[in-house]
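Here is how the chains run, residue by residue.
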Amino acid sequence: MKNLIGIDKAKALGLVKELNDLLANYQLFYQNLRGFHWNIKGKEFFELHLKFEELYNDAVIKVDEIAERILTLQGEPLHTFTDYLKTTEISEAKGIANGIEGIKIVVDNFKTLINKERVILSLASKADDEGTVSLMSDYITETEKTLWMLNSYLS
C-alpha cells in the first residue's frame, strides 16, 4: 500500500521515525549554536560570534525542511522539547564561553548529524523516495565541507 506521494507506507513510516530522530538532534544542535553565539568570549569573539550565527541560521532552515519532509511522508513531526530530549543523541551544551571548545562541540554534533543523514539516505534510496534522498544528499555534501573547514580551523 502506498501513501499520497507513492511511497510504500511501511517504508515511509520507517523514514518518518528516522527523520524525527534527525529533527530532534537538529533542534538540540540549533539550541547549542544559539548558546555559543550568545556566550562566546575571548579573542575569537568577532569571527566565531558570526560563524555560530551562520550555523544556527542554517540549522533552523534544516529543522523546517525536515519537519516538512515528515509531513510530506504523511507523518507527524516531533515538536516538543520533551520529545526532543527523549530522542536526541546530541547533548545540551551549557555555559560554553570558549570558542574553541564550542567549535569542538559543533564538530562532534555534526558527526552525529551526518551519521544519521547517511542512515536516512540509505533507507530513502531503498524506499525509492527521491525527495528524501535529494534532501539528505544535499545535507551530507554541505556537512562534509563544513566539517573539513571547522577541522581546519582547529588544526
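The preceding data block contains the structure.
Criteria and thresholds
Residues numbered from 1 in each chain as written. Predicted model: local features only at pLDDT ≥ 70, side-chain atom pairs only at ≥ 80, totals over all residues. Heavy atoms only, no water. Phe/Tyr/Trp six-rings, centres within 6.5 Å; stacked < 30°, edge-to-face > 60°. Helix = DSSP H or I, 4+ residues; strand = E, 2+ residues; numbered from the N terminus. Buried < 20%, exposed > 50% of the residue type's maximum accessible area, 1.4 Å probe, protein only. Lys NZ or Arg CZ within 6 Å of the ring centre and 35° of its normal. Salt bridge = Lys/Arg side-chain N within 4 Å of Asp/Glu carboxyl O.

## Here we look at the packing of aromatic side chains
Inference 1: Counting across every chain of the model gives 7 aromatic pairs.
Inference 2: Relative to tyrosine 84, the ring of phenylalanine 81 lies with its centre 5.1 Å away and its plane at 85°, an arrangement referred to as edge-to-face. Placement of the pair is phenylalanine 81 and tyrosine 84 together in helix 3 (residues 81-87), with a separation of 3 residues, close to one helical turn.
Inference 3: With a relative accessible area of 4%, tyrosine 84 lands in the buried category.
Inference 4: Every member of this aromatic cluster is reached through a ring pair, and the members are Tyr26, Phe29, Phe110 and Tyr139.
Inference 5: One cation-aromatic arrangement involves arginine 34 over tyrosine 56; the distance from NZ or CZ to the ring centre is 4.2 Å.
Inference 6: A cation over a ring is seen here: lysine 62 above tyrosine 139, with NZ or CZ 4.9 Å from the ring centre.

## Overview of the environment of serine 152
Inference 1: With respect to the helices and strands, the residue serine 152 is situated in helix 5 (residues 130-154).
Inference 2: Residue classification places serine 152 among the partly exposed residues on the basis of a relative accessible area of 42%.
Inference 3: Linking serine 152 and isoleucine 103, residues 49 residues apart in sequence, is a C-alpha distance of 11 Å.

## Observations concerning the pattern of salt bridges
Inference 1: For the structure on display, the rule yields 7 salt bridges.
Inference 2: Aspartate 21 is paired through a salt bridge with lysine 116; the nearest N and O atoms lie 2.6 Å apart. In this pair, aspartate 21 sits in helix 1 (residues 9-39) while lysine 116 sits in helix 4 (residues 99-126), placing the two residues 95 residues apart along the sequence.
Inference 3: The exposure class assigned to aspartate 21 is buried, which follows from its relative accessible area of 12%.
Inference 4: Note that aspartate 58 and lysine 62 form a salt bridge whose closest N and O atoms lie 2.6 Å from each other. Taken together, the residues aspartate 58 and lysine 62, both in helix 2 (residues 45-72) and 4 residues apart, mark about one turn of the helix.

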